[in-house]
Amino acid sequence: MRFWALYQREMLIEFRSGVESFIPLVFFLLVVGTFAFTLRSFISGDARVLVAVIWITTLFTSMLSLDKLFKRDHADGTLAVAVLHSEAITATVVTKLVTHWSVTGIPITLLGPVVGLLSGMHFDHALMLGFTLLIGTPTITMLGALVTALLVGLGRGGELLTVLILPLYIPILLFGISVCHLHIESASYTSELLWCFALLTGSTTAIPLALGPVLKMSQDS
Amino acid sequence: MKFIPTWLHRLASPQHFFGDIKSWIMWLYVLGTIGFLVGSVWGLAFVPPERYQGDSFRILYVHAPIAHVAQLIYISIAVAGVVHLVWKLKMADVYMSAAAPVGCWLTALALASGMIWGMPTWGTAWVWDARIVSTLILLFLFFGLIVLRRVVPNPTRAATALSILAIVGAINIPIIKYSVEWFETLHQPASIELFGDIAIAPVFLTPLFINIASIYVLAAGFILANMRYLVVERNASMTWIQGWIRGQSQ
């Protein structure tokens, strides 16, 4: 119940911020569009280019919105109260993660294949792209949130966050793109897909538990 | 804990570490330098040319040991991170901070020597090959650790943040190790495996092992010297350091 109430609060804040909540999506479309326009001769010839473009843009979109993940709650002291109780902090953290995924991950998972279809991608290939994004975006949210939590309250973000997070995103990026590419090439992609699932289960189980202590530490200093 | 030797147990305290380790560093430097010179001269002058690559393969004696030790340092930092999170040992934190720059330099050297080797044999210095890219990522991971240390003002928090980043980054190490088999690549697979056949003729092998051992010893020397420096920096207000400083200035 507590989780549901917190989730409603988070989503309400997202929706009340009005046009601001569309920024990640517009960013996603703008970047994919810029890539697609400049690389149009490659994209029309090879669906694999577009897959890579969409995956990389997904990473950037996710990073863009990470900056504000804990910022407001840290500024108004909500976080300082939440860390006092281990159950409260876990509920808060899980809510934050699910909200971040609802606002960036789900829309991108839906938009990515649509962009692919509109660019002439085969339906099966677009479906597989959507499926890998569905597995990949929660992992991206988890890893990003962990690094963001390490930097809460330092007043540093932007390129420092990017430098710290991007190397950690490489495994999920490589495997996600590999699955799509192998599928397009009609090759076997089972082991790569299993690696995607491994990263998903590993990050979604371990990181929410690690975030509590990390955030607590950020309030001590 | 009876199973830990006393001398090792002593090293977990900054004060004893500072005193005990001093005499080691010079020996590690001397031993590592001599070993590296012996291995390199042996590899450069006394080993026959390789059948396909001629003399250009000889950079292997620098490239392979450095790349190997650089990866190992990252894994050791992740292990130190676990030790720090679980037992809160002060020296684990000191080790992480001291080893990151050494690992960063070794990774950069591994990339540079690989590029030099690539020019005559592959005909190009750089390919966007899985193994090369993952070594580049290793460089960025080391860089991230060094930067994170700098930007977090509170030392306790910095240590924990460093441990967590190192542990999460360690998931990239298997990718570095096995990417050769997973992706299409120009880089050759590892020729030496711990549990398996060695795909190098014995005549090439002895200087390689001498060099691997020497780089281990040299890296240990650098890291320990770095750790001593950090111990001075962090314990500057302690009376035993104050006494040492007074002794130095006389």
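Keep in mind the model is a prediction, meaning the values are calculated, not measured.

Trainee: I'd love a proper account of the overall build of chain A, names of residues and values included.
Mentor: If you tally the helices and strands in chain A, you get ten helices and zero strands. Expected size for 221 residues packed as a compact globule is a radius of gyration near 17 Å; at 18 Å, chain A falls within 12% of this value. Its C-alpha atoms give chain A principal-axis dimensions of roughly 55 × 35 × 35 Å. In chain A, which comprises 221 residues, the proportion classed as buried is 50%. By sequence separation, contacts in chain A at least 24 residues apart represent 79% of the contacts at least 6 residues apart. Here chain A displays about 10,200 Å² of accessible surface, and carbon together with sulfur accounts for 70% of that area.

Trainee: Describe the overall build of chain B, and please don't skip the residues or the numbers.
Mentor: Within chain B one finds nine helices and zero strands. In sequence order, the secondary structure elements of chain B are arranged as α-α-α-α-α-α-α-α-α. Looking at the 250 residues of chain B, the share that counts as buried comes to 44%. Considering only contacts within chain B whose residues lie at least 6 apart along the sequence, 73% involve residues at least 24 apart.

Trainee: Give me the lowdown on the side chain of Thr148(A), citing residues and values where you can.
Mentor: Residue and element names in this part refer to chain A. Topologically, Thr148 is positioned in helix H8 (residues 123–150). Judged by its relative accessible area of 6%, Thr148 is buried. Polar contacts involving the side chain of Thr148 include one to the main-chain carbonyl oxygen of Gly144, which spans 2.6 Å. Ignoring anything within four residues of it in the chain, the contact list for Thr148 reads Leu66, Phe70 and Leu161.

Trainee: Residues and numbers for the interface of chain A and chain B, please.
Mentor: Between chain A and chain B, the contact holds 24 residues from the first and 22 residues from the second. A combined buried area of about 2,100 Å² lies between chain A and chain B, and 82% of that area is made up of carbon and sulfur atoms. Counting every contact that joins chain A to chain B gives zero salt bridges. Taken together, the connections running from chain A to chain B amount to two residue pairs in polar contact (both at pLDDT 80 or more). Every element with two or more residues in the side of chain A that touches chain B is listed here: H8, helix H9 (159–184) and helix H10 (190–220) of chain A. In terms of residues, the side of chain A that touches chain B owes the most to one element, H9(A), which gives ten residues. Taken together, the residues of the side of chain A that touches chain B sort by class into 20 nonpolar, three polar and one charged.

Trainee: I'd like a description of the nonpolar core, backed by residues and values.
Mentor: Counting 113 residues, the largest nonpolar core has Trp55(A), Leu215(A), Ile73(B), Ile77(B) and Leu148(B) as its most contacted members. Counting residues in each nonpolar core, the second largest holds eleven residues, with Tyr61(B), Ile200(B), Leu205(B) and Ile212(B) among its members.

Trainee: Residue-level account of the packing of aromatic side chains, with values.
Mentor: Applying the stated rule across the entire model yields five aromatic pairs over all chains. One Lys or Arg, Arg40(A), reaches over the ring of Phe37(A) and ends 5.0 Å from the middle of that ring.

Trainee: Describe the pattern of salt bridges, naming the residues involved and giving the relevant values.
Mentor: Residue and element names in this part refer to chain A. A full pass over the atoms with the stated rule returns ten salt bridges over all chains. For Glu185, the salt bridge goes to Arg48, with nearest N and O atoms at 2.5 Å. Within this pair, whereas Glu185 is found in the loop between H9 and H10, its partner Arg48 is found in helix H4 (residues 47–66), the two being separated by 137 residues in sequence. Among the salt bridges present, the one from Asp67 reaches Lys71, with a minimum N-O distance of 3.9 Å. Residue class for Asp67 comes out partly exposed when judged on its relative accessible area of 30%.

Trainee: Could you give me a rundown of the side chain of Thr160(B), with the residues and numbers involved?
Mentor: The topology assignment puts Thr160(B) in helix H6 (residues 155–169). Under the relative-accessibility criterion, Thr160(B) is labelled buried at 10%. If we skip the residues at most four places from it in the chain, Thr160(B) touches Met217(A), His84(B) and Leu85(B).

So, how was this worked out
- Residues numbered from 1 in each chain as written.
- Chains lettered and ligands numbered in written order.
- Predicted model: local features only at pLDDT ≥ 70, side-chain atom pairs only at ≥ 80, totals over all residues.
- Heavy atoms only, no water.
- Helix = DSSP H or I, 4+ residues; strand = E, 2+ residues; numbered from the N terminus.
- Rg over C-alpha atoms; globule rule 2.2 N^0.38 Å.
- Buried < 20%, exposed > 50% of the residue type's maximum accessible area, 1.4 Å probe, protein only.
- Contact = heavy atoms within 4.5 Å.
- Areas by Shrake-Rupley, 256 points an atom, 1.4 Å probe, with all protein chains shown as cover.
- Polar contact = N/O pair within 3.5 Å; in protein donor to acceptor, adjacent residues only side chain to side chain.
- Buried area = accessible area lost by both parts, 1.4 Å probe.
- Salt bridge = Lys/Arg side-chain N within 4 Å of Asp/Glu carboxyl O.
- Nonpolar A, V, L, I, M, F, W, Y, C, P; charged D, E, K, R; others polar.
- Core = buried A, V, L, I, M, F, W, Y, C linked by side-chain atoms within 4.5 Å.
- Phe/Tyr/Trp six-rings, centres within 6.5 Å; stacked < 30°, edge-to-face > 60°.
- Lys NZ or Arg CZ within 6 Å of the ring centre and 35° of its normal.

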